[in-house]
Structures are given as structure tokens and as C-alpha cells.
Amino acid sequence: MTWGRQMAENQMWGGRFAGGPSAIMSAINASIEVDQRLWRQDIAASLAHAAMLAEAGIISTADASAIKTGLQDIAAAIEAQQLSFTADLEDIHMNIEAELTRRIGEPGRRLHTARSRNDQVATDFRLWVRDALDGLDAALLDLQRGLLAQAGLHAGTVMPGFTHLQIAQPITFGHHLLAYVEMFARDRGRARDARERLNECPLGAAALAGTSYPIDRTQTAHALGFREPMRNSLDAVSARDFACEYIGVAALTATHLSRLAEELVLWTSPLFGFVRLSDAYTSGSSIMPQKRNPDAAELIRAKAARITGSLTAMLGVVKALPLAYAKDLQEDKALVFEAADALALSMAAMTGMIGDLEANPEAMRAAAAKGYANATDLADWLVQHLGIPFREAHHITGTIVKLAETRGQALEDLPLTDLQSVEPRITQGVHDVLPLDKSVASRNSFGGSAPAQVRAQIAYWTEKLS
């Protein structure tokens, strides 16, 4: 039996198996449709492994040179879409190794010396997730810069701030957008933390117990950009907390995107009218010609749920696995890839929407004028100028708000005599704090919504993100 035929019949399991698997076994066991996207990482790890084997004298330099040339040719063929994969060889790792041996012969069979598919898969997967975290960090930076640009345009644009989705106090649109700059900064921090933790190399752990060959694991780790090799071979092949953590970072990021998407859905409704999204990120109705639907924002909300589902499923896969490797872990990549794809699309859509949205300052100001958003300013004036305890000032203000409601007037439009009918000590000076712009400007504490504070934070983030 030739080696190629043996591969096809025995799925690289060796002489222990005389026959091939059933069609059902082949279908459930093959993962090439999912893990083929690891081909770059697999070739990079194999190049590092072959170079180390030659350096250690385990294979000849001629074999290592042939392996290097063969792998580079395979990479070029895959890049040019000139190489197809087969489920008969289960996964991307065996497809590449089989193609290498077909091209260069005997040296290709030596590549797998001193490694197992267990440490090979773990290494490739870590490399992929590391790249994904780097990509997420870059995408989050782009989104932060987009938010920062809009915040700069609207540092003084008055809008209502909400609690319980009820008008609470006036703030600025720039201040609101900066809240998301902060959220996404924390997401970037989590991505960098996760990258640091995963940046250890499993290669050389072999199946689970290490190898008797005189390998240099530090060499391969450094060649692949890892900080150091993992220190326990059992943990090296079985650990998937890096995958769980990646999806966890993705889920939190997607949750923040979803919160912003929800606000865009609300703000674009004619009932709010705070912002307008371009045709690029909205759709129409098949029956109602007036509609402009914020479909991209709505789909971001839904994708956040799918990413959270991937996290739950990933934790379920690993929660009851004994050491070391189990085939359950084949399912990890589909969950990570699905989360990564959904997040990348959501990030791109949100960055696009933020970049070209148009704010409606008039609608924002009109909304802030409703709901007595400046009531707290009145209460604070009573405390600061009349020495009234805040709880009493709160009660007085509530009574004045009720009076204004019955008159259908804003607080700043109530005559002084009406204010004094509730609290006789109120003076004309109260009208200095009740206008919306003065209300917003008065909140000048660090991190507050005063335009001066907003511009200071914009300057801080502009420098930090440059």
C-alpha cells in the first residue's frame, strides 16, 4: 500500500486501523470546512518547526530547505486559489502536510517529527486568535476616532440626558458620544490583556507529554512571536481559555456596540429626530414609501446576541473536559470564527454609521427643553443661595415643577411671583441658572457635561489615540 493510499484509507491514523471510517464518521470528524482559514498560521508554525528541527540536528538542512520551499509554494497556491482541500484528510493541517509530501516527497514526511496534531492545532489556533485580537484593537481605534470626531463637532450641542429613558438633565451630544469612547477604550484594554495571556507557545508539547527529541521550544516560540513556550505540556494542548476569553472580549464589545445601536434606532425615529443616518446604512419599506429603517443598527443588536451565544456554547464545550485533549475541542474554532465574523461586520457597520451620521441640534435642544431637565439646577440654587437642605430643596422644586406643568410653562419661563408663591425667599437670581446652556455649563466638575470639560476630554483622547 502506498503512503498516499494509506492516508486516504486510514485518515493518518496509521497501521492500527485496517479499514476506513464510515461516511457518518467522516462527516462528523472532518473540520476542513471550518478550520481551513487557519492555513496561514499552520504554514507559519510548520516553517518555524522545520527550522528548529534542522537547527537541533533532528532533520537535515536539505530536508528543512525542501520543506520551506514546499510550504512557501503551497501558501502561494492557496493565496491564488489554485489548491483545493478535501474532507478525506479531515482538517487543514493534514491537507497541507499531504500536499507538501506530494510536492517534495520524503522530506515532507519528516515535518511532523517531534510534534502532534494536538500541539499543532493549539499553536495555530493561538496564532489566529492573537491576530484577531490585534485586528479588533485596530477596529476599535477607528471607531473611537470616529466618535471623537463627532464629539468635537458637538461639544456644545445641548441634548437631554436620560435615566430610565426619561429626560433627566441637559447634557451635550459630544459628552454622550465620549461615553462610548471610554467604553471602547476598556474593550481595547481587555483585548490587549487577553493577547498578553495567550502569548505563550504550545508547540513542542506534542500529544500531551512532550517529546524525547532534543527540540528547542524557545526557538520556535520566539520565531512565532510568542513571549515564551508554555510550561506544562498537558495544559499546552488542552487549554482553551484563550478562546473563551476572546469570545468574552467580543461579547462585551458587541454589547457596547448594541447599546449604541439601540440609541441610534431611537434617535433616528421621528419621535426623537436627533440624528439622521445615510442611505448607506438604512433601508426602505416595501409598502411604506416614507420609511427609513436603521437596519444596520438593528442587525448589530442581533449579532450581539449571537456572539453571547457563542460564548455560552464555548464555555459549555470546555466545562467538563478531563486533561488533556478531547475531540470536543474541534468545535471551538467554529464558535470563535463565528463570533469574530459577526463582530468584525458589526464594527465596520458601526464605524460607518458614526462617520456619516448627521446630528439635528434643534431637535436635541427642543427635547432637552421638555421634561424639566433643569429642575436639579433649581434645587441646587436653593441649596447654594438660600442654605436650604437638599431634601427640602428637592421637595420645593418638585412643587414648582408641578406648578409649571399645570401652567404649561418651562421652569425658566415661570414669573418670579409664581416661584415665590412656593418659596418666598427665591430671588431673580434663580433665572441665571435655569436656561439650558447655563445648566449644562454649570456642571464643570471633572468628567462633567460642561462644554469646557467635554473639550478637555476631547483633547485628552485626541492625544491618547494619536
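In this text, all values refer to a predicted model and were calculated from it rather than measured experimentally.

A. Summary view of the environment of I59. In this fold, I59 is placed in the loop between α4 (39-55) and α5 (61-79). A relative accessible area of 7% places I59 in the buried class. With 68 residues separating them along the chain, I59 and L127 place their C-alpha atoms 25 Å apart. Excluding residues that lie within four positions of it along the chain, I59 makes contacts with A50, L53, A54, A64, I67 and R110.

B. Main features of the packing of helix α9 (residues 173-198) against helix α20 (residues 451-465). It is the contact of α9 with α20, at a shortest axis distance of 10 Å, that shows an interaxial angle of 35°. When you trace α9 past α20, the crossing you get is left-handed. Residues G174, H175, L178, V181, E182, A185 and R188 of α9 pack against V454, Q457, I458, W461 and L465 of α20. The residue makeup of the contact of α9 with α20, split by class, is seven nonpolar, three polar and two charged.

C. Looking closely at helix α17 (residues 390-407). Taking 1.5 Å of rise per residue, 18 residues should cover 26 Å, and α17 covers 25 Å from first to last C-alpha, within 8% of that figure. Taken as a whole, α17 has its buried residues at A393, I396, T397, I400, V401, L403 and A404. Each buried residue of α17 lies within a common arc of 160° when the element is viewed along its axis, so the set occupies one face. Opposite its buried face, α17 presents the exposed residues R391, H395, K402 and T406, each directed more than 90 degrees away. For α17, the secondary structure elements touched by its buried residues are α16 (375-386) and α18 (416-422). Note on α17: the residue one or two positions beyond its end, G408, has a positive phi of about 70°.

What counts, and where the lines are drawn
Residues numbered from 1 in each chain as written. Predicted model: local features only at pLDDT ≥ 70, side-chain atom pairs only at ≥ 80, totals over all residues. Heavy atoms only, no water. Helix = DSSP H or I, 4+ residues; strand = E, 2+ residues; numbered from the N terminus. Buried < 20%, exposed > 50% of the residue type's maximum accessible area, 1.4 Å probe, protein only. Contact = heavy atoms within 4.5 Å. Axes fitted to C-alpha atoms, helices over the stretch in contact; angles between N-to-C directions. Left-handed = near helix turned anticlockwise from the far one by under 90°. Nonpolar A, V, L, I, M, F, W, Y, C, P; charged D, E, K, R; others polar. Expected span 1.5 Å × (residues − 1). Arc of directions from axis to C-beta.

Function cannot be inferred from these measures alone, as they are strictly geometric.
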